[in-house]
Amino acid sequence: KAIKTIKEGKAEICLKIEKVFYNPVQEFNRDLSIAVLSIFTDDYKVEKLNRAEKKLSKGLNNTEGTNEVSEVPVTILEALSATGLRSIRYAKEIPNITKIVANDLSEQAVQTIRENVVFNNVQNIIETSHDDACMLMYKHKHPIKRFAAIDLDPYGCPSIFLDSAVQSVQDGGLLLVTATDMAVLAGNSPETCYCKYGAVSLKTKCCHEMALRILLQCIEQHANRYSRYIVPLLSISADFYIRVFVKIYSGAFHCKKTTSKLSMVYHCVGCDNITLHPLGGFKPNPTEKKPEQMKAYLPNVPPVGEFCVHCNQRHHLGGPIWSAPIHDEVFVSRVVSHVQDNPQLFGTAKRIEGVLSMVREELQEVPLYYTLDKLFGRVHLETMPMLVMRSAILNAGYKVSYSHASKLSIKTAAPAQVIWDIIRTW
Ligand code: SAM
């Protein structure tokens, strides 16, 4: 007998066992993932076919095994599936999927998934699996067994699943990762953050974007160990969690560029100012025969001093964080169009449109942000209206945007000196 029936999207699931995890607030997370996967799977098929054709034209074996877009298999793993709701929605709402493996370690969860798969009549697409997520992924690390996409939606921190996940995604495949341990990522426990994510978190006004960037660097570090690297498509901070969508590619040469995508973070305890210091850099090497060869160099930025130049207070050191772009603007625009064209498919369509519109406008070249309340709170002044602050920055000749992660955010490349000068005139 069902204790609860849940309808979400095109899925209807029954919960007989209370212990199996279901969170209605995550509908936005599931809707967004469906929108992203709908666009991604289209691209993936074309990309795979192009690669197969390239190999053929070079006289190499077509290991991709495909000659037409319709032949490209798209297999997805939901490694931590709980009720199976997410997998069932993927099966019913995303065209193009060949097979989904819905896995969970809990026997009760797997029983629930099995019943719901039959109830929704998607046995032809969904295969249930009762295994430890890591063990299952290690069994799929051979290139011909890899998944086109792997979804990791654990309780808390996802890092224990990353080593196996980065090896089991196809070249050009997608990794979808949720983290809900926001206290750790947002600076309440920097030491724990280092142990789990390999980066020190900081308690700052921009902690939600910093959390995204810590998770991205963590995935990149895991991928680099296997000569693979990430290309972020979309990175979202919402409610009590963060969610990133990254493509994974293989290439030892590209991995050398990782240090230029990472930075240490200097946070002033006095005025809250943040300064980034890149770990490395790369530029074309004119002495190499091949023009695409790059030369590593130490970035030409002055070292950040022990004391802040604005208020002479000490710095806290955090990071490393991912300091390269966290979204692909073109991809995000296509997801927005897809949701606008099919609002009936998504219970949270309006919210997705709102969040992604902000994401699209974020200044990609500027990591992190100020917040209006913290800036004025520091100097005990009444807060300036956002519009006035933004106009002042524009008048000073600098671009400005919001971050989707905070309503009071100010993203700008304007130097801190310019911001303090604006505040002095208030
Ligand atoms: N993705 C689900 C959704 O959208 O409704 C929610 C997943 S829930 C947050 C996390 C699930 O991970 C639980 O059902 C738990 O049993 C399972 N789990 C925890 N550790 C696991 C492991 N090592 N391998 C596989 N499943 C695991």
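Located above this text is the structure these notes cover.
A. Looking closely at the overall build of the protein. Looking only at helices and strands, one finds 14 helices and 17 strands in the protein. At 23 Å, the protein has a C-alpha radius of gyration in line with the 22 Å of a compact globule built from 426 residues. Each of the three principal axes of the protein carries a C-alpha extent, and together these read 65 × 60 × 40 Å. A fraction of 67% describes how many contacts in the protein between residues 6 or more apart in sequence connect residues 24 or more apart. Only carbon and sulfur atoms are counted for the fraction: they give 54% of the accessible area of the protein, which is about 19400 Å². Of the side chains in the protein, 49 bear a positive and 43 a negative charge, and the two mean positions are spaced by 3 Å.

B. Looking closely at the environment of Gly354. Topologically, Gly354 is positioned in helix H11 (residues 349-361). Put simply, Gly354 and His404 are 50 residues apart on the chain and 9.0 Å apart in space, counted from C-alpha to C-alpha.

C. Representation of the pairing of strand S10 (residues 262-268) in the model. Most of S10 is tucked away: six of the seven residues are buried. Looking at chain direction, S10 and strand S14 (residues 315-322) are connected through six bridges and run antiparallel. Within S14, the residue paired with Leu262 across the bridge is Trp322. Here S10 pairs with strand S11 (residues 274-278) via five bridges, running antiparallel. Pairing of His267 across the sheet is with Ile274, part of S11. Between S10 and the antiparallel strand that follows it, S11, lie five residues; Asp272 among them carries a positive phi value of about 75°.

Reading the values: the criteria
Residues numbered from 1 in each chain as written. Predicted model: local features only at pLDDT ≥ 70, side-chain atom pairs only at ≥ 80, totals over all residues. Heavy atoms only, no water. Helix = DSSP H or I, 4+ residues; strand = E, 2+ residues; numbered from the N terminus. Rg over C-alpha atoms; globule rule 2.2 N^0.38 Å. Contact = heavy atoms within 4.5 Å. Areas by Shrake-Rupley, 256 points an atom, 1.4 Å probe, with all protein chains shown as cover. Lys, Arg positive; Asp, Glu negative; His and termini not counted. Charge placed at Lys NZ, Arg CZ, Asp CG, Glu CD. Buried < 20%, exposed > 50% of the residue type's maximum accessible area, 1.4 Å probe, protein only. Pairing = 2+ DSSP bridges.

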